[in-house]
Amino acid sequence: MTTNTQTVDTSELAKFEAMAAEWWDPMGKFRPLHLMNPVRLDYITRQIAAEYGRDLKSPNPFKGLRILDIGCGGGLLAEPMARLGATVVGADAAEGNLPVARLHAEKSGLEIDYRHTTAEALVASGEQFDSVLNMEVVEHVADPLAYLTACKDLLKPGGIMLCSTLNRNPKSFAMAIVGAEYVLKWLPKGTHDWRKFLTPDELTKLLEQAGLEPVDKKGMVFNPLSQQWSLSDRDLSVNYVTASIRPA
């Protein structure tokens, strides 16, 4: 990989490479993402379908769309996009994630172009996409504004980016750090750095500075009794997701 890696935080990459083999274990270290995946996919698919006038009930509704999953990990989002008919590129700066992603896609009969690369390198090579999935990544990079600007450059004019992260407040510290890493032990200690979390206002400002037009945001709320996630118009206190457009 020959890249400009200015936004890559090598200490963050090491955390995820150490867990790479467990990406597809729903009871393993990525259990929180497996639990969250249905609600993430609901938001992503509805936003992309609305932007491009696609009927999600039709066969291969995303056929003809080129989608980038940046920070793709083991492919938990890339694979559903491919099943919906999209041409999918999965990019990750943590090389150890990619053999797991490629093997699982092959076993699932899916063609996904997985690459060990960065957003900056993809920009430098002239790549552009109809949609960029930027989920649970921005809180792990060294320079959020530079990273989001690169993601904007990867969108075709009129393209849509979905970006999720964690809010920074006492509740998110209690739930995402103390609860998830120390009490429930869903994640290894040190997976997240609370200081790198972004409030919705901070993320909105960064998106605008990057040249994007934020058009929607929702909270993703976990119910510990049902062990299920749901979308919320009001509760963005811990996990939340945004949609932004690159102006035509």
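Rules and cut-offs
- Residues numbered from 1 in each chain as written.
- Predicted model: local features only at pLDDT ≥ 70, side-chain atom pairs only at ≥ 80, totals over all residues.
- Heavy atoms only, no water.
- Helix = DSSP H or I, 4+ residues; strand = E, 2+ residues; numbered from the N terminus.
- Buried < 20%, exposed > 50% of the residue type's maximum accessible area, 1.4 Å probe, protein only.
- Contact = heavy atoms within 4.5 Å.
- Areas by Shrake-Rupley, 256 points an atom, 1.4 Å probe, with all protein chains shown as cover.
- Pairing = 2+ DSSP bridges.
- Axes fitted to C-alpha atoms, helices over the stretch in contact; angles between N-to-C directions.
- Parallel < 35°, antiparallel > 145°, perpendicular 65-115°, else oblique.
- Left-handed = near helix turned anticlockwise from the far one by under 90°.
- Nonpolar A, V, L, I, M, F, W, Y, C, P; charged D, E, K, R; others polar.
- Arc of directions from axis to C-beta.
- Phe/Tyr/Trp six-rings, centres within 6.5 Å; stacked < 30°, edge-to-face > 60°.
- Salt bridge = Lys/Arg side-chain N within 4 Å of Asp/Glu carboxyl O.
- Polar contact = N/O pair within 3.5 Å; in protein donor to acceptor, adjacent residues only side chain to side chain.

Some thoughts on the overall build of the chain
Next up, step 1: Of regular secondary structure, the chain possesses eight helices and eight strands.
Next up, step 2: By residue count, 53% of the 248 residues in the chain fall in the buried class.
Next up, step 3: Put simply, of all contacts in the chain between residues at least 6 apart along the chain, 70% involve residues at least 24 apart.
Next up, step 4: Of the roughly 11000 Å² that the chain leaves accessible, carbon and sulfur atoms contribute 53%.

Comments concerning the sheet that holds strand S8 (residues 239–245)
Next up, step 1: Pairing within the open sheet is mixed, and its eight strands lie in the order S3-S2-S1-S4-S5-S8-S6-S7. What marks the edges here is a single partner per strand, and that holds for strand S3 (113–116) and strand S7 (228–232). The mean inter-strand angle of the sheet, taken between neighbouring strand axes irrespective of direction, is 20 degrees.
Next up, step 2: Both strand S4 (residues 129–135) and strand S5 (residues 155–166) contribute to a ladder of six bridges, which runs parallel. The residue of S5 that forms the bridge with Met 135 is Ser 164.
Next up, step 3: Together, strand S1 (66–70), S4 and S5 form the strand contacts of helix H6 (residues 144–153), whose direction differs from that of S5 by roughly 145 degrees.
Next up, step 4: Across the sheet, helix H8 (residues 200–209) is in contact with S5, strand S6 (213–223) and S8; its angle to S6 comes to roughly 150 degrees.

Side note on the packing of H6 against H8
Next up, step 1: It is at 9 Å that the axes of H6 and H8 come closest, and there the two elements cross at 55 degrees. Here H8 runs oblique to H6, going by the angle between their axes. In this structure, H6 meets H8 at a crossing whose hand is right-handed. On H8, the residues that touch Pro 144, Leu 145 and Leu 148 of H6 are Leu 203, Leu 206, Leu 207 and Gln 209.
Next up, step 2: Residue classes in the contact of H6 with H8 are distributed as six nonpolar, one polar and no charged.

As for H8
Next up, step 1: Regarding H8, the residues found buried are Pro 200, Leu 203, Leu 206 and Leu 207. Buried residues of H8 fall within an arc of 125 degrees about the axis and therefore sit on the same side. Seen from the buried face of H8, the exposed residues on the opposite side, beyond 90 degrees, are Asp 201 and Lys 205.
Next up, step 2: A positive backbone phi angle near 100 degrees is found at Gly 211, which sits one or two residues after H8.

Notes on the packing of aromatic side chains
Next up, step 1: Overall, the coordinates contain two aromatic pairs when judged by the stated rule.
Next up, step 2: Ring centres of Phe 222 and Trp 229 lie 5.2 Å apart, and the angle between their planes is 45 degrees; on these two criteria the pair is classed as tilted. Of the two residues, Phe 222 and Trp 229, both sit in the buried class.

Concerning the pattern of salt bridges
Next up, step 1: Within the structure shown, the criterion is met by 13 salt bridges.
Next up, step 2: One salt bridge in this structure joins Glu 79 and Arg 83, with 3.3 Å as the shortest N-O distance. Pair noted here: Glu 79 and Arg 83 are both in helix H3 (residues 78–83), with a separation of four residues, about one helical turn.
Next up, step 3: Lys 152 is the salt-bridge partner of Asp 153, the closest N and O atoms lying 2.9 Å from each other.

Focus on the side chain of Glu 127
Next up, step 1: Within the fold, Glu 127 resides in the loop between helix H5 (119–124) and S4.
Next up, step 2: The class of Glu 127 is buried, set by a relative accessible area of 15%.
Next up, step 3: Within the structure, the side chain of Glu 127 is placed 2.8 Å from the side chain of Arg 66, a separation counted as a polar contact.
Next up, step 4: Within the local environment of Glu 127, its side chain forms a polar contact with the side chain of Arg 115, the two groups lying 2.7 Å apart.
Next up, step 5: Discounting residues that sit within four places of it in the chain, Glu 127 has contacts with Arg 66, Arg 115, Leu 122, Asp 153 and Leu 154.

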